[in-house]
Amino acid sequence: MSVHIDFETPAEVQDKVYEFVKKIGKEGGSHFKKGMNEVIKVCERGDAKLVIMAENVNPGEMMMPIPLICKERGIPFIYVNDQTYLGEAAGLPSGRPTSAIAIMEMDGGSQEDFNNIVSSAKELAGN
């Protein structure tokens, strides 16, 4: 397990996270930032509502600030296995990975999915 991972996310929860990211990417009404640096910025400003991080980032030490900032700011976060698949789900060109995504706003019919993922994230983190 990489140094930036605080808990293990079950496969069925990860599948829901990937589907959620695909859905909000297609809807266009939900706003999110992609990439470690962008995620750190919106988390530090307190604008993130949920952070999704890939586990297979190398080196994992680069991601260490994100969970710390999220805990400090009370932002729920969750992990998925693969940064390439996370990038594709977020609408990036095929083969273009992203290490993290920060959900900033929710519009439309994805609110229930968002609430379920936040609930899972808090439960897995022990909050």
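Structure: above.
Notes on the structure follow. Just so we're clear, the structure is a prediction, and the values are computed from it rather than from any experiment.

Here we take up the overall build of the chain. The helix and strand tally for the chain stands at five helices and four strands. N-terminal to C-terminal, the α/β element order of the chain is α-β-α-β-α-β-α-β-α. Compactness check: the chain gives a C-alpha radius of gyration of 13 Å against a globular reference of 14 Å for 127 residues, within 12% of the reference. If one aligns the C-alpha atoms of the chain with their principal axes, the spans along those axes are about 35 × 35 × 30 Å. The buried share of the chain, reckoned over its 127 residues, is 46%. Charge centroids of the chain, computed over 13 positive and 19 negative side chains, lie 6 Å from each other.

For the structure on display, the rule yields six salt bridges. Between Glu19 and Lys22 there is a salt bridge, with its nearest N and O atoms 3.5 Å apart. With Glu19 and Lys22 both in helix α1 (residues 11-27) and three residues apart, this pair spans about one turn of that helix. For Lys22, a relative accessible area of 25% gives the class partly exposed.

Time to look at the packing of aromatic side chains. Applying the stated rule across the entire model yields five aromatic pairs. Considering the side-chain rings of Phe20 and Phe114, the 6.2 Å spacing of their centres and the 40 degrees angle between planes classify their relative orientation as tilted. Taken together, the residues span a long stretch of sequence, with Phe20 in helix α1 and Phe114 in helix α5 (residues 111-125) at a distance of 94 residues. Phe114 shares its class with Phe20; the two are buried. Through a chain of ring-to-ring contacts, the aromatic side chains of Phe7, Phe77 and Tyr79 assemble into a single cluster.

Applying the stated rule across the entire model yields zero disulfides. Among the cysteines around Cys43, which has no disulfide bond, Cys70 carries the closest sulfur, lying 4.0 Å off.

Attention now moves to the sheet that holds strand β2 (residues 50-54). Strand order in the open sheet formed by four strands is β1-β4-β2-β3, and the pairing between neighbours is mixed. Where the open sheet ends on each side, the last strands, each with one partner, are β1 (31-34) and β3 (77-80). The mean angle between the axes of side-by-side strands here comes to 20 degrees, regardless of whether they run parallel or antiparallel. Relative to strand β4 (residues 100-105), β1 runs antiparallel, the two being bridged by four bridges. Paired with Lys34 across the two strands is Ile101, which belongs to β4. Sheet strands in contact with α5 are β2, β3 and β4, and its direction is about 90 degrees off that of β3.

Calculation notes
Residues numbered from 1 in each chain as written. Predicted model: local features only at pLDDT ≥ 70, side-chain atom pairs only at ≥ 80, totals over all residues. Heavy atoms only, no water. Helix = DSSP H or I, 4+ residues; strand = E, 2+ residues; numbered from the N terminus. Rg over C-alpha atoms; globule rule 2.2 N^0.38 Å. Buried < 20%, exposed > 50% of the residue type's maximum accessible area, 1.4 Å probe, protein only. Lys, Arg positive; Asp, Glu negative; His and termini not counted. Charge placed at Lys NZ, Arg CZ, Asp CG, Glu CD. Salt bridge = Lys/Arg side-chain N within 4 Å of Asp/Glu carboxyl O. Phe/Tyr/Trp six-rings, centres within 6.5 Å; stacked < 30°, edge-to-face > 60°. Disulfide = S-S within 2.5 Å. Pairing = 2+ DSSP bridges. Axes fitted to C-alpha atoms, helices over the stretch in contact; angles between N-to-C directions. Contact = heavy atoms within 4.5 Å.

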